[in-house]
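Fold and contact review
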Amino acid sequence: MCNQQNLVLANARLVSMENGENGYTVTQPLTITLQDGKIHSVSNSVPSADAQNTNVFDCKNKLVTPGFIDSHTHLVFAGNRAQEFEQRIKGVSYEQIAKQGGGIVSTVKATRDASEDQLVENTLPILDGLLRTGVTSVEIKSGYGLTLDDELKMLRAAKALENHRRVKVSTTLLAAHTTPPEYKNDPDSYIDLVCKEIIPTVAELSLADAVDVFCESIGFSIEQTERVFETAKQFGLNVKGHVEQLSNLGGAELVAKYHGLSADHIEYLSHQGVQALAKSNSVATLLPGAFYFLKETQLPPIEQLRSQNVPMALATDFNPGTSPFADLTMMMNMGCTLFGLTPEEALRGVTCHAAKALGLGSSRGQIKQGYEADLAIWNIDHPAELSYQIGVPRLTARIVDGELCHD
């Protein structure tokens, strides 16, 4: 349920996440005025509900952060791969599972067979899990259709989620996720399809904000990735990349060359890659859920990213095969315990840096005058608690475009 009046938050202890040391400092109780979906003011003044269509909500000294942003997900798909998980635990290799028709191929088949409405219905419970952890914005990728019609279906389903829940959805075309079965022995021809048909159609229909590529030895080469990036730029779309997850192909440097929004995974990121991201002002997106689920051991170069002031985002990477976790606070905990982030870095990773990873750094992810009024109200004393405990209900309410949502 959402309240659609202009809103005044009283007795709110803020963690603004603005740039600088004070962004992580908890303020004394303040008053936030929200008007027309934006943050109108932050002050010490006593709130008043005298104005027409204004509602006062007493935060009772609860902590208020920017609404969380999950900047890398694969929420829309059909099918279930829990049995494959069980097989892997029992020692069956991924290659054996794939030969049995499992792996990503099984998700592609199920997604192609599903209707757009079925995809929406399948996704809503997963989305609800994210919302319960303070998410107000989420990025959703395609990539399980791998035909023009099925990729369009996935992107439409992702956008349709906004009609069912108070959340903001950014969509990313990931048609270059893997080579589909019908192009198994001719990946270059599939890249032709992506560049000549899928990207132009998606751009014409305004169904995606960015284009992504899985640039990896088991995905697509640097040359193939660059073809996709060039085409995306020709059609006015941002680029980002699944890069350096399993090996170092130089994908992050290619993302930087095209001034991409983010380079994601990056466990095998080189020093040259770090420097390239720093120069291009691209975001390094960390995905500890996949690292954990796959039992990886190669850690991303956190200290190098820090030293070069590369902004680090954190995201769930929710997907059916390698990161089935619909809890962004769990990723904050993993980012700290597995990757060595500080709780402040983890919180920036799901607020201001996540916004930047979606090209929205000037309008979301901070509690600042003129920014979109997307907030989360927490029943906690200190922001470090958000990275500390998992599974304890702490969210009091979300606010999306100035609307108070109790969900």
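All values derive from a computational prediction rather than experimental measurement. (Residues numbered from 1 in each chain as written. Predicted model: local features only at pLDDT ≥ 70, side-chain atom pairs only at ≥ 80, totals over all residues. Heavy atoms only, no water.)

1. Section: the pattern of salt bridges
What counts here: Just to be clear on terms, a salt bridge is a Lys or Arg side-chain nitrogen sitting within 4 Å of an Asp or Glu carboxyl oxygen. Only DSSP runs of H or I with at least four residues qualify as helices, and only runs of E with at least two residues qualify as strands; both kinds are numbered from the N terminus onward.
All told, the structure shown has 20 salt bridges when counted by the stated rule. The residue E403 makes a salt bridge to R166 at a minimum N-O spacing of 3.0 Å. Taken as a pair, E403 in strand β17 (residues 403-405) and R166 in the loop between α5 (148-160) and β9 (168-176) lie far apart in primary sequence, 237 residues in all. The closest approach of N and O atoms between E345 and R306, which form a salt bridge, is 2.7 Å. Of this pair, E345 sits in helix α13 (residues 343-349) while R306 sits in helix α11 (residues 302-307); the two residues are 39 residues apart in sequence, bridging distant segments of the chain.

2. Examining the nonpolar core
Here is the rule we go by: What is meant by a nonpolar core is a set of buried Ala, Val, Leu, Ile, Met, Phe, Trp, Tyr and Cys residues, joined one to another through side-chain atoms within 4.5 Å. Burial classes: relative accessible area under 20% of the type maximum marks a residue as buried, over 50% as exposed, and values in between as partly exposed (1.4 Å probe, protein chains only).
Membership of the largest hydrophobic core comes to 95 residues, with the highest contact counts inside it found for F68, V138, L173, V228 and L347. For this core, the element with the highest residue contribution is helix α6 (residues 187-205), accounting for 9 residues.

3. So, the packing of helix α4 (residues 116-131) against α5
To keep it simple, the criterion reads: All axes here are fitted lines through C-alpha atoms, helices being fitted over the stretch that makes contact, and every angle between N-to-C directions spans 0 to 180 degrees. By the definition adopted for this analysis, an angle is roughly parallel if under 35 degrees, roughly antiparallel if over 145, roughly perpendicular if from 65 to 115, and oblique otherwise. Put simply, a crossing is left-handed when the front helix is turned counterclockwise from the back one by less than a right angle, and right-handed when it is turned clockwise. The criterion used for residue contact is that any of the two residues' heavy atoms lie within 4.5 Å. Classification convention: Asp, Glu, Lys, Arg as charged; Ala, Val, Leu, Ile, Met, Phe, Trp, Tyr, Cys, Pro as nonpolar; all other residues, Gly among them, as polar.
The N-to-C vectors of α4 and α5 enclose an angle of 50 degrees; their axes lie 9 Å apart at closest approach. Between α4 and α5, the angle falls in the class oblique. α4 and α5 meet at a crossing whose hand is right-handed. Each of E116, L119 and V120 in α4 lies in contact with α5, whose residues at this interface are K153, M154, R156, A157 and A160. Grouping the constituent residues of the contact of α4 with α5 by class yields 5 nonpolar, no polar and 3 charged.

4. What about the UniProt feature "binding site: Zn(2+)" (unreviewed entry) in the protein chain?
Let me state the cut-off plainly: UniProt positions are given in the numbering used here, feature names are shortened, and annotations may be inferred rather than shown by experiment. Polar contact is defined as a pair of N or O atoms within 3.5 Å, subject to the rule that within protein one atom must be able to donate a hydrogen and the other to accept it, and that residues adjacent in sequence are counted only when both atoms are side-chain atoms.
The feature "binding site: Zn(2+)" (unreviewed entry), as annotated in UniProt, sits at H72, H74, H242 and D317 in this numbering. Spanning 246 residues, the named residues nonetheless gather at one spot, since no C-alpha pair among them exceeds 12.3 Å. Sequence-distant contacts of H72, defined by excluding residues within four places in its chain, comprise E139, K141, H242, D264, H265, T285, L287, A315, T316, D317 and F318. Not counting chain neighbours up to four residues away, the residues in contact with H242 comprise H72, H74, K141, L174, D212, V213, F214, C215, D264 and H265. Of the polar contacts made by the side chain of H242, one reaches the side chain of H72; its length is 3.2 Å.

5. Side note on the pairing of strand β4 (residues 38-43)
Let me state the cut-off plainly: If DSSP finds at least two bridges between two strands, the strands pair.
Sheet topology places strand β3 (residues 30-35) next to β4; 5 bridges connect them, and they run antiparallel. Residue pairing for β4: Q35 is matched across the bridge by K38.

6. Remarks on the side chain of S363
Residue placement: S363 occurs in the loop between α14 (352-357) and β15 (375-378). For S363, the contacting residues outside a window of four places in its chain are Y371 and E372.

7. Thoughts on the sheet that holds strand β11 (residues 238-243)
Reading across the sheet, the 8 strands line up as β7-β8-β9-β10-β11-β12-β13-β14 and stay open at both edges, with parallel pairing between neighbours. In the strand order of this sheet, the two ends are held by β7 (68-70) and β14 (312-314), each with one partner. Recorded for the sheet is a direction-independent mean angle of 25 degrees between the axes of neighbouring strands. Examined bridge by bridge, β7 and strand β8 (residues 135-141) share 3 bridges and lie parallel to one another. Looking at β8, one finds that F68 is bridged to V135. On the sheet, helix α7 (residues 222-234) packs against β9, β10 (210-215) and β11 and is oriented at approximately 180 degrees with respect to β10.

8. Overview of helix α9 (residues 271-280)
Let me state the cut-off plainly: Note that the arc is defined by the directions from the helix axis to the C-beta atoms.
Among all positions of α9, only G273, V274, A276, L277 and S280 are buried. Down the axis of α9, the buried side of the element spans an arc of 160 degrees, and every buried residue falls inside it. Those residues of α9 that are buried are in contact with α8 (251-257), β12 (262-265), β13 (283-286) and α11. Just downstream of α9, N281 is the residue with a positive phi angle, here 65 degrees.

9. Quick look at the UniProt feature "binding site: 4-imidazolone-5-propanoate" (unreviewed entry) in the protein chain
With numbering aligned to this structure, UniProt lists the feature "binding site: 4-imidazolone-5-propanoate" (unreviewed entry) at R81, Y144, H177, Q245 and T322. Note on placement: R81 falls in the loop between β7 and α1 (82-89). Classification of R81 by relative accessible area gives buried; the value is 10%. Among the secondary structure elements, Q245 is positioned in the loop between β11 and α8. When its relative accessible area of 10% is taken as the criterion, Q245 is described as buried.

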